[in-house]
Amino acid sequence: MGYREDACAAVIEGLEAIGIEFFIHIPDSFGAPVIAHFENSPKVRAFPVAREEEGIGIASGLAMAGKKGVLFYQDAGLGNCMGALTTYAMAYHMPILILAIRRGGFGEYNAAAHTFAETAVEMVESMKIKASVLDYRVPLDRWARAIQQAHEYARLTYRPIVIFLNLKE
């Protein structure tokens with residue numbers, strides 16, 4: 001079980017169309033091609049963070065400075081940053097784009113991932129944070145535009161948005 005190159009390429013296309021300046025991530029095997037792309041891009045400053053809530057703080061600071069950044073990590077990591085999302089990003093109207101790599105579901109080899117990941121979308125929505133899923137139900141040729149629209153939504157509403165990505169084969 002590995003990542004889908006075509007899905008990773010669509011994510012890269014969407015983020016490049018936005019013109020992101022900062023790519024904040026927690027290392028992940030399914031998202032490795034996306035991470036490697038931006039780490040090697042001369043146009044984007046890419047760096048890992050130790051914890052998801054650290055990424056929320058950095059992305060919020062970048063948003064306040066008018067910079068374009070994106071957070072990229074596993075959906076299971078959203079549990080780590082619920083406080084930062086609700087009491088900081090939502091409360092202070094931070095337009096943050098978060099791309100959350102889906103875990104759980106068909107083909108998931110880590111039994112522990114199912115418990116949190118399979119309810120992650122509902123958990124985010126229960127916090128009144130807009131969420132969307134890009135998986136087999138959305139044609140791959142629409143992914144890049146969907147990512148651009150999510151970024152526009154965050155900017156127009158001054159709210160974080162989470163796009164869940166299924167990058168597994």
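Described below are features of the structure shown in this document.

## Remarks on the sheet that holds strand β4 (residues 97–101)
Strand order across the open sheet formed by six strands is β2-β1-β3-β4-β6-β5, with parallel pairing between neighbours. With one partner strand each, in any of the chains shown, β2 (45–48) and β5 (130–134) form the two edges of the open sheet. With strand direction ignored, the average angle separating the axes of adjacent strands in the sheet is 20°. Strand direction decides the pairing type here: β4 and strand β6 (residues 161–165), joined by five bridges, are parallel. Within β6, the position partnered with Ile101 by the bridge is Leu165. The sheet contacts of helix α1 (residues 5–18) involve β1 (22–25), β3 (69–74), β4 and β6, and relative to β4 the element is tilted by about 170°.

## Thoughts on helix α3 (residues 52–64)
With 13 residues, α3 ought to run about 18 Å at 1.5 Å a step, and its terminal C-alpha atoms sit 19 Å apart, in line with that. Three or more residues of α3 are buried, namely Glu52, Gly55, Ile56, Ala59, Ser60, Leu62 and Ala63. Here the buried residues of α3 occupy an arc of 160° about the axis, which is enough to place them on one side. Residues of α3 that are buried make contact with β1, β3, α4 (82–90) and β4. Downstream of α3 by a residue or two, Gly66 has a phi angle that is positive, lying close to 80°.

## Quick look at the pattern of salt bridges
Taken as a whole, this structure holds five salt bridges when the rule is applied. Close ionic contact of Asp135 with Arg137 constitutes a salt bridge, the shortest N to O distance being 2.6 Å. Overall, Asp135 belongs to the buried group, its relative accessible area being 7%. In this structure Arg137 comes out as exposed when scored by relative accessible area, which is 57%.

## Some details on α1
Under the 1.5 Å per step criterion, the end-to-end length of α1 is 20 Å for 14 residues, consistent within 8% with the ideal 20 Å. Inspection of α1 places Ala7, Cys8, Ala10, Val11, Ile12, Gly14, Leu15 and Ile18 among the buried residues, and these make up the whole buried set. On its buried face, α1 is in contact with β1, α2 (32–39), β3, β4, α7 (143–157) and β6.

## Description of the pairing of β6
Regular strands place side chains that alternate from one sheet face to the opposite one. Within β6, five of the five residues are buried, which leaves the element mostly enclosed by the surrounding structure. Of the two faces of β6, the one lined by Ile161, Ile163 and Leu165 and the one lined by Val162 and Phe164 are each fully buried. The sheet contact formed by β5 and β6 spans five bridges and is parallel. Within β6, the residue paired with Leu134 across the bridge is Leu165.

Rules behind the numbers
Residues numbered from 1 in each chain as written. Predicted model: local features only at pLDDT ≥ 70, side-chain atom pairs only at ≥ 80, totals over all residues. Heavy atoms only, no water. Pairing = 2+ DSSP bridges. Helix = DSSP H or I, 4+ residues; strand = E, 2+ residues; numbered from the N terminus. Axes fitted to C-alpha atoms, helices over the stretch in contact; angles between N-to-C directions. Contact = heavy atoms within 4.5 Å. Expected span 1.5 Å × (residues − 1). Buried < 20%, exposed > 50% of the residue type's maximum accessible area, 1.4 Å probe, protein only. Arc of directions from axis to C-beta. Salt bridge = Lys/Arg side-chain N within 4 Å of Asp/Glu carboxyl O.

Structural measurements only, silent on function.
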